[in-house]
Amino acid sequence: MNIRVALNALLVAAIAATVIGAVVLWAGSLDSTGEIIVTLPEPTATPISVAPAAIKVYVSGAVAHPGVYELGSDARVESAVYAAGGPAQRANLDRINLARHISDGEQIHVPFEGELQTDSNPSMTNESVIGKLDLNTATIEQLQSLPGIGAVRAEAIVEHRGANGSFEHADDLLDVPGIGEGVLGSIRNRIEVK
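What you see is a predicted model; the values in this text were computed from it and never measured. (Residues numbered from 1 in each chain as written. Predicted model: local features only at pLDDT ≥ 70, side-chain atom pairs only at ≥ 80, totals over all residues. Heavy atoms only, no water.)

Colleague: Give a detailed account of a nonpolar patch on the surface, specifying residues and quantitative values.
Modeller: A contiguous nonpolar surface patch, about 350 Å² in accessible area, is contributed by Ile3, Leu7 and Leu10. Looking at the secondary structure, you find Leu10 in helix H1 (residues 2-28). (Patch = residues over 30% accessible without salt bridge, like charges linked within 9 Å, V, L, I, M, F, W, Y side chains within 5 Å. Areas by Shrake-Rupley, 256 points an atom, 1.4 Å probe, with all protein chains shown as cover. Salt bridge = Lys/Arg side-chain N within 4 Å of Asp/Glu carboxyl O. Helix = DSSP H or I, 4+ residues; strand = E, 2+ residues; numbered from the N terminus.)

Colleague: Lay out the pattern of salt bridges with the relevant residues and their values.
Modeller: Scanning the model with the defined rule gives three salt bridges in all. A salt bridge links Arg188 to Asp171, with the shortest nitrogen-to-oxygen separation between them at 2.9 Å. Of this pair, Arg188 sits in the loop between helix H6 (181-187) and strand E5 (191-192) while Asp171 is found in the loop between helix H5 (151-164) and H6, placing the two residues 17 residues apart along the sequence. Given the relative accessible area of 40%, Asp171 is considered partly exposed. The partner of Lys194 in a salt bridge is Glu192, and the shortest N-O contact between them spans 3.6 Å. (Buried < 20%, exposed > 50% of the residue type's maximum accessible area, 1.4 Å probe, protein only.)

Colleague: Requested: an account of the pairing of strand E2 (residues 67-72), with residues and values cited.
Modeller: Note: strand E1 (residues 54-61) against E2, six bridges, orientation antiparallel. Pairing of Val57 across the sheet is with Tyr69, part of E2. (Pairing = 2+ DSSP bridges.)

Colleague: Outline the environment of Leu135, listing residues and values.
Modeller: As for its placement among the helices and strands, Leu135 is situated in the loop between strand E4 (133-134) and helix H4 (140-143). Residues Leu135 and Arg161 lie 26 residues apart in sequence; the distance between their C-alpha atoms is 8.6 Å. With near-sequence residues (within four places) excluded, Leu135 lies in contact with Leu143, Arg161, Phe167, Ala170, Leu173, Ile191, Glu192 and Val193. (Contact = heavy atoms within 4.5 Å.)

Colleague: Now, about the sheet that holds E2: what can you tell me, with residues and values included?
Modeller: As summarised here, the arrangement of the three strands in space is E2-E1-E3, forming an open sheet in which the pairing is mixed. The sheet terminates laterally at E2 and strand E3 (107-110), the two strands that pair on one side only. Each neighbouring strand pair of the sheet contributes to a mean axis angle of 35°, computed without reference to strand direction. Sheet analysis places E1 next to E3, joined by four bridges and oriented parallel. Bridging across to E3, Tyr58 finds its partner in Gln107. (Axes fitted to C-alpha atoms, helices over the stretch in contact; angles between N-to-C directions.)

Written out as structure tokens, the structure is:
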């Protein structure tokens, strides 16, 4: 019987200790107003890295392996040329802007030394031949090679030219819907009016 009484006493002591511990913990979580304070752990922010979208470009002309290549969305002409195996022996890299950003679906033509633009190669832009694009003769496709000029703006430029005649100055682009100072500033060194 003494063992049973001792076990019961021990059980009552354990329950009492648990209740007292719970009350102490609960009381410790109260502030001076009697409200319960719940402290949550600090959130840990982990940066979400978004992989740049891939673009495809066609690299032609004086490169080791002409063809279609997939590159990162922030790629430049230089990346496309080297994706195609690098410039061929007689490539004239001085006639293209290797630092220019490229866009999806674009053709990058690396001219050979002495190569001129011909009707058999209409995709080669004036920029790759002479360095600047003439606003009065440029096609919609050629205009789209300019930064900030997509299909809609390129069509608007050609329509404005058709309705109002040739451009007299590069600043005349400001009369085209969708072309503002920012866009003009980003392409000013790549266009001319002849």
